[in-house]
Structure formats: structure tokens, C-alpha cells
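Structure at a glance
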Amino acid sequence: LNEELCSTMNSLHQVFTGAVPFPEARTEGSAIHKIMSGERPQRPLFPSSSSLGLSDGVWDLMKRCWDVHRTVRPTASGAIATLESEWLVVVPRYL
């Protein structure tokens with residue numbers, strides 16, 4: 001389930017930036033190398049990201065989901081609770 005959260009955060013990053021994480025990586029292998037080396041996507045700095053919902057709390061959640069240490073990563077219910085509180089919406093409970 002932690003891998004699914006990581007993938008979801010990659011998708012959110014793409015929504016906030018309009019680009020895949022590590023757009024400078026020319027191949028999937030080079031993106032994987034960056035991740036294995038401890039590199040993580042950078043926080044988008046353009047104003048549209050905030051209007052799309054990228055608050056400090058959501059960015060912190062994304063970073064925790066990408067953490068190399070599994071014990072730091074949130075549970076699915078914890079991630080949903082954070083998104084609900086940050087976005088003031090109710091996320092359907094399918095889990």
C-alpha cells in the first residue's frame with residue numbers, strides 16, 4: 001500500500017506542475033537512478049500550484065509518502081485524513 005501512496009503523490013505532483021516528476025530525466029532508468037540516489041521531486045514554485053491545492057500540509061504529506069524510511073510514511077487513512085483537512089472535502093472510503 002505504501003507504494004500506491006507514493007504513486008498517488010507522483011500523480012499529484014504532476015497535477016501541480018503539469019509535468020512528470022524528474023522531467024529532465026530522458027529515460028525511466030535515469031529517473032529510477034535519481035530516486036535510488038535519494039533525490040525527490042522539487043516543490044513547484046509557481047502560483048498556480050497553490051490555487052490547485054498545494055498547501056504546506058499537502059507538500060509535507062507528499063514528502064512523507066516519498067520518504068525512504070517506510071516507518072515515516074503515512075498510512076492510507078492518515079493520508080486521506082490529511083487531504084480532507086487540507087482541502088476541506090470528504091474523500092470516498094474505498095479502502
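See the structure printed just above.
In this report, we go over the structure that sits alongside the text. Each chain carries its own residue numbering, running from 1 in the direction its sequence is written. Given that this is a predicted model, residues contribute local features only at a pLDDT of at least 70 and side-chain atom pairs are listed and counted only at 80 or more, while totals for whole chains, interfaces and linings are drawn from all residues. Just so you know, side-chain values use all the structure's heavy atoms and leave hydrogens and water out.

**Details of the overall build of the protein chain**
Strands are runs of DSSP state E lasting at least two residues, helices are runs of H or I lasting at least four, and both sets are numbered from the N terminus onward. Looking only at helices and strands, one finds 5 helices and 0 strands in the protein chain. Throughout, radius of gyration means the C-alpha value; the globule benchmark is 2.2 Å times the number of residues raised to the power 0.38. In summary, the protein chain has a C-alpha radius of gyration of 14 Å against a globular reference of 12 Å for 95 residues, a match within 12%. Judged by the C-alpha coordinates and their principal axes, the protein chain covers about 40 × 30 × 20 Å. Partly exposed describes any residue whose relative accessible area lies between the buried limit of under 20% and the exposed limit of over 50%, with all areas from a 1.4 Å probe on protein chains only and scaled to the type maximum. Buried residues in the protein chain amount to 31% of all 95 residues.

**Some points on the nonpolar core**
As a rule of thumb, nonpolar side chains are buried together in soluble globular proteins. Of all hydrophobic cores here, the largest spans 13 residues; its most connected members are Met-9, Phe-16, Leu-54, Val-58, Leu-61 and Met-62. Residue assignment for this core shows that the elements contributing at least two residues are helix 1 (2–17), helix 4 (56–65) and helix 5 (76–87). We call two residues in contact whenever any of their non-hydrogen atoms come within 4.5 Å of each other. What Phe-16 contacts, discounting residues up to four positions off in sequence, is Pro-44, Phe-46, Ser-49, Leu-52, Gly-53, Leu-54, Val-58, Met-62 and Trp-87. The term nonpolar core refers to a set of buried residues drawn from Ala, Val, Leu, Ile, Met, Phe, Trp, Tyr and Cys, joined through side-chain atoms within 4.5 Å.

**Here's the deal with the packing of aromatic side chains**
Remark: the centre distance and the inter-plane angle together describe each pair of aromatic rings, the angle taken between the planes. In summary, the pairing rule links any two rings of Phe, Tyr or Trp, Trp by its six-membered ring, whose centres are within 6.5 Å, and it sorts them by plane angle into stacked for under 30 degrees, edge-to-face for over 60 and tilted for everything else. Taken as a whole and assessed by the stated rule, the structure comprises 1 aromatic pair. Ring centres of Trp-59 and Trp-66 lie 5.8 Å apart, and the angle between their planes is 80°; this geometry places the pair in the edge-to-face category. Across this residue pair, the class does not change: Trp-59 and Trp-66 are buried.

**Considerations on the environment of Met-36**
Note on placement: Met-36 falls in helix 2 (residues 28–36). Judged by its relative accessible area of 69%, Met-36 falls in the exposed class. Residues Met-36 and Val-68, spaced 32 residues apart in sequence, show a C-alpha to C-alpha distance of 9.1 Å.

**Some words on unusual backbone geometry**
Residues other than glycine seldom take positive phi values, yet Phe-22 does so here, at roughly 60°. Following the sequence through the fold, Phe-22 ends up in the loop between helix 1 and helix 2.

**With respect to the state of the cysteines**
Defined by distance alone, a disulfide is two cysteine sulfur atoms within 2.5 Å. Under the criterion given, the structure shown has 0 disulfides. Unpaired in terms of disulfides, Cys-6 finds its nearest cysteine sulfur in Cys-65, a separation of 7.6 Å. The partly exposed category is assigned to Cys-6, whose relative accessible area is 26%. Judged by its relative accessible area of 1%, Cys-65 is buried.

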